[in-house]
Amino acid sequence: MSVCDVVIMGARGRMGSTLIQLVRANPDYRLAAVVERPGNEAGLSDFGCVAGSDLATVLPQVPGAVVIDFTSPACSVATAKTAVAAGNPLVVGTTGLDKDQLAALAQAATAGRVFFAPNMSVGINVLLSVLPALVKRLGDAYNMEVMEIHHNRKADSPSGTAIKIGQCLAEAAGRDFDAVKTCCREGIIGPRPAQEIGIQALRGGDVVGDHTVYFFGPGERIEVTHRAHSRDTLAQGALRAAAWLPGQAPGRLYGMPDMLG
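Keep in mind that what you see is a predicted model, and the values were worked out from it rather than measured.

## Here's the deal with the sheet that holds strand S9 (residues 197–203)
Here comes step 1: Spatially, the five strands line up as an open sheet ordered S8-S9-S7-S10-S11, and their pairing is mixed. Where the open sheet ends on each side, the last strands, each with one partner, are strand S8 (181–182) and strand S11 (220–228).
Here comes step 2: Relative to S9, strand S7 (residues 143–150) runs parallel, the two being bridged by seven bridges. By the bridge assignment, Met147 is partnered in S9 with Gln200.

Structure representation (structure tokens):
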């Protein structure tokens, strides 16, 4: 395996810092460049690689390096356009993208190599592959709910992973997720509709990410839980994607199912 050069967006952020630590600890990867927002560049030269606040200026200095972005929805869309124009592969792990931003990401991918996953955990993505079997075997007699817990600094709610899980459940049950999802319950709301899929969020402390899927049936309950113990779990998945992506054909938006098979 050749060494994978990476460019870390948001180098001083929580995920950016984690990614840099893991890259430096793994000889299969090399830190080619770091990027921060304008006004936050002080000290970037300490990383010992190409550094700056303008991705369009940085990328020509690191041709072929894989850009990894866990910043914000608007920034990630802008990163996609810049990376594809420069010919650099891009891995996006940002959550909270709306439909237009997801469409923009997919559009950028038509001209380059772009990988997107709202959760880079291998475990979560294996869970998504097995949940449909539970939905189909249990049938409509079981009410489905999703609960997620994250740290008190998370900006979006529900989490992108919880939404992805809800979409997975709805698709397996033959339902329109947007029509049946419920993200909040308050007041005299009446009985729970049978087709409803609840997505509930808790925020507090430094929780990296917990997701539980509930199947409430007659006389029994099934709970399937995934807990991320560290941001390393997400960062390792992103680095795995960064090593995998350059070998794929351009022209489509890739995700974890493509990589994991």
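What follows continues from the structure just given.
## Overview of the packing of aromatic side chains
Here comes step 1: A complete count under the given rule lists three aromatic pairs for this structure.
Here comes step 2: An angle of 80° between the planes, with centres 6.0 Å apart, marks the rings of Phe115 and Trp244 as edge-to-face. Pair noted here: Phe115 is in strand S6 (residues 113–116) and Trp244 is in helix H8 (residues 232–244), with a separation of 129 residues, a long-range link.
Here comes step 3: Among the residues examined, Phe115 registers a relative accessible area of 0% and is labelled buried.

## Notes on the sheet that holds strand S4 (residues 66–69)
Here comes step 1: The sheet built from seven strands is open, its strands ordered S3-S2-S1-S4-S5-S6-S12 with parallel pairing. Unpaired on one side and paired on the other, strand S3 (50–52) and strand S12 (252–254) mark the two borders of the sheet. Across the sheet, the mean angle from the axis of one strand to that of its neighbour is 25°, orientation sign disregarded.
Here comes step 2: In the sheet, strand S5 (residues 90–92) pairs with S6 via three bridges, with the strands oriented parallel. Within S6, the residue paired with Leu90 across the bridge is Val114.

## Quick word on a nonpolar patch on the surface
Here comes step 1: Side chains of Val122, Val126 and Val130 sit close together on the surface and give an oily, nonpolar patch of about 200 Å² of accessible area.
Here comes step 2: Of note, Val122 is situated in helix H5 (residues 122–138).

## Here we look at the pattern of salt bridges
Here comes step 1: As enumerated under the stated definition, the model contains 13 salt bridges in all.
Here comes step 2: Asp156 is paired through a salt bridge with Lys154; the nearest N and O atoms lie 3.1 Å apart.
Here comes step 3: We classify Asp156 as buried; its relative accessible area is 17%.
Here comes step 4: Three or more residues joined by partner-sharing salt bridges are found here, namely Glu145, Arg185, Arg192 and Glu196.

## A closer look at the pairing of S9
Here comes step 1: Sheet topology places S8 next to S9; two bridges connect them, and they run parallel. Paired with Thr182 across the bridge in S9 is Gly198.

About the thresholds
Residues numbered from 1 in each chain as written. Predicted model: local features only at pLDDT ≥ 70, side-chain atom pairs only at ≥ 80, totals over all residues. Heavy atoms only, no water. Pairing = 2+ DSSP bridges. Helix = DSSP H or I, 4+ residues; strand = E, 2+ residues; numbered from the N terminus. Phe/Tyr/Trp six-rings, centres within 6.5 Å; stacked < 30°, edge-to-face > 60°. Buried < 20%, exposed > 50% of the residue type's maximum accessible area, 1.4 Å probe, protein only. Axes fitted to C-alpha atoms, helices over the stretch in contact; angles between N-to-C directions. Patch = residues over 30% accessible without salt bridge, like charges linked within 9 Å, V, L, I, M, F, W, Y side chains within 5 Å. Areas by Shrake-Rupley, 256 points an atom, 1.4 Å probe, with all protein chains shown as cover. Salt bridge = Lys/Arg side-chain N within 4 Å of Asp/Glu carboxyl O.

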